[in-house]
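# Examining the three-dimensional arrangement
What follows is each chain in one-letter form.
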Amino acid sequence: MNFDGWISGYKVRAFPWINGKHVYFNVQYFAPGQSIERPPVWDKSVLITDDAAGRRLMNNFTHTLVEHIARMQIPANAEVIITVGEGATA
């Protein structure tokens, strides 16, 4: 998945990660009226397992995924990997 755009008021960027096993998924929040030339108010990144279930999550439930990541409490310097079970349904 390659994506660079806006979803639900968040700047979102996704691309295949260098290890070939994950997709890097980044969500940034900018204050209303803030220039995107300035750093975002906050910036959260996760890795999503690049398999059929992970691609289904990213392609079919992108808005929900973005909202979930936006609400996550991610400690500094933590690596978060989201893995979706093959039998998962939404």
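As a further point, take the pairing of strand E2 (residues 10-16). The two faces of the sheet receive side chains in turn, since in a regular strand these alternate between them. The pairing of strand E1 (residues 3-7) with E2 spans five bridges and is antiparallel. Residue pairing across strands places Phe 3 opposite Ala 14, the latter belonging to E2. Where E1 hands over to E2, the hairpin turn is made up of two residues, of which Ser 8 adopts a positive phi near 55°. For E2 and strand E3 (residues 22-29), the ladder comprises six bridges, and the chain directions are antiparallel. Its bridge partner lying in E3, Pro 16 is registered against Val 23. Counting the residues that bridge the hairpin from E2 to E3 gives five residues, and of these Gly 20 lies at a positive phi of roughly 75°.

Reading the values: the criteria
- Residues numbered from 1 in each chain as written.
- Predicted model: local features only at pLDDT ≥ 70, side-chain atom pairs only at ≥ 80, totals over all residues.
- Heavy atoms only, no water.
- Pairing = 2+ DSSP bridges.
- Helix = DSSP H or I, 4+ residues; strand = E, 2+ residues; numbered from the N terminus.

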